[in-house]
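# Structural characterization, general
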Amino acid sequence: WGRPTGWASLDRHQVPDLGFSTQEGEGAVAVNNLRPFAGLPIRPMRPFVLKADADDSARALHCMTQAIYYEAALEPEAGQEAVAQTVLNRVRHPEFPKSVCGVVYQGSAQVTGCQFSFTCDGSRERAPAPTYWERARAVAERALTGFVQPAVGTATYYHADYVFPRWGPTLVKIIQIGAHIFYRFPGPAGKPASFTAA
């Protein structure tokens, strides 16, 4: 019937991996290049303006700066803005925590649960380079006061192009900026109307 080999022995209690496993290095780059971008319209998010007291604002700015610095310090400015936009998109999506720090540190207390690798791989033990930190902080400040990076639209995930995560094929591949590839949820969950969390 044209069904793929092995269809009759699928285990309904195991999450399918679509034939891919997590890869890194040249193999990951090759697999990433094989999968095309969706080519669908990218709908930019509306501006996000953080309304919080001084302590919460300072905490959010610090967490956002950390995310931009440790995830994208050497990326072009557009790449850093895209990382910030992805964090803010998660804050607004019902599937994720409702604060900048909550999003950035989600899962960091678990060995394999880090959403942002720098929160649990020891990266923060290295002191940041002041010039790059200030650059990341400036991008974070703009993001928290209404700047929108329209190129990534409703992206809630990204990874470096030299990594191929197991979850990659389950999401809509939007765009690559610098070394990062950005994704959104498929269907209604990835459209602006779903980003309703306060």
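Residues numbered from 1 in each chain as written. Predicted model: local features only at pLDDT ≥ 70, side-chain atom pairs only at ≥ 80, totals over all residues. Heavy atoms only, no water.

This brings us to the overall build of the protein chain. The helix and strand inventory of the protein chain stands at five helices and five strands. In the protein chain, the succession of α and β elements from N to C terminus is β-α-α-α-α-α-β-β-β-β. Looking at the protein chain as a whole, 42% of its 198 residues are labelled buried. Of the roughly 11000 Å² that the protein chain leaves accessible, carbon and sulfur atoms contribute 56%. (Helix = DSSP H or I, 4+ residues; strand = E, 2+ residues; numbered from the N terminus. Buried < 20%, exposed > 50% of the residue type's maximum accessible area, 1.4 Å probe, protein only. Areas by Shrake-Rupley, 256 points an atom, 1.4 Å probe, with all protein chains shown as cover.)

Right, let's get into the nonpolar core. In this structure, Met64, Ile68, Val87, Val100 and Leu144 are the most contacted members of the largest nonpolar core, which totals 42 residues. Of all elements in the fold, only α2 (54-72), α3 (77-92), α4 (100-104), α5 (130-144), β2 (157-160), β4 (172-177) and β5 (180-184) reach the threshold of two or more residues within this core. Per-element tally for this core: the top contributor is α2, with nine residues. The contact partners of methionine 64, leaving out residues within four places of it in the chain, are Ala84, Val87, Leu88, Val100, Ala140 and Leu144. (Core = buried A, V, L, I, M, F, W, Y, C linked by side-chain atoms within 4.5 Å. Contact = heavy atoms within 4.5 Å.)

The next subject is the sheet that holds β4. Taken together, the three strands give an open sheet; going across it, the order is β2-β5-β4, and neighbouring strands pair in antiparallel fashion. The two strands at the open ends of the sheet, each matched to only one other strand, are β2 and β4. Across the sheet, the axes of successive neighbouring strands diverge by a mean angle of 25°, strand direction being ignored. With four bridges joining them, β2 and β5 adopt antiparallel strand pairing. Within β5, the position partnered with tyrosine 157 by the bridge is tyrosine 183. (Pairing = 2+ DSSP bridges. Axes fitted to C-alpha atoms, helices over the stretch in contact; angles between N-to-C directions.)

This part covers empty space enclosed by the protein. Evaluation of the coordinates by the stated rule reveals one cavity of 30 Å³ or more. Of the volumes computed, that of the largest cavity is approximately 40 Å³. Glu81, Ala84, Gln85, Leu88, Val139, Ala143, Phe147 and Gln149 together form the lining of the largest cavity. Elements supplying a minimum of two residues to the lining of the largest cavity: α3 and α5. Take the lining of the largest cavity: its biggest share by element is four residues, from α3. (1 Å grid on protein atoms, 1.4 Å probe; cavity = no way out; pocket = protein on both sides within 12 Å on 5 of 7 lines; lining within 4 Å. Points joined across faces, edges and corners; volume = space filled by probe spheres on them.)

Taken together, the buried positions of helix α1 (residues 26-34) are occupied by Ala28, Val31 and Asn32. Buried residues of α1 fall within an arc of 100° about the axis and therefore sit on the same side. What points out from α1, more than 90 degrees from its buried face, is the exposed set Glu26, Asn33 and Leu34. (Arc of directions from axis to C-beta.)

Fair warning: the whole summary comes from geometry, so function is off the table for now.
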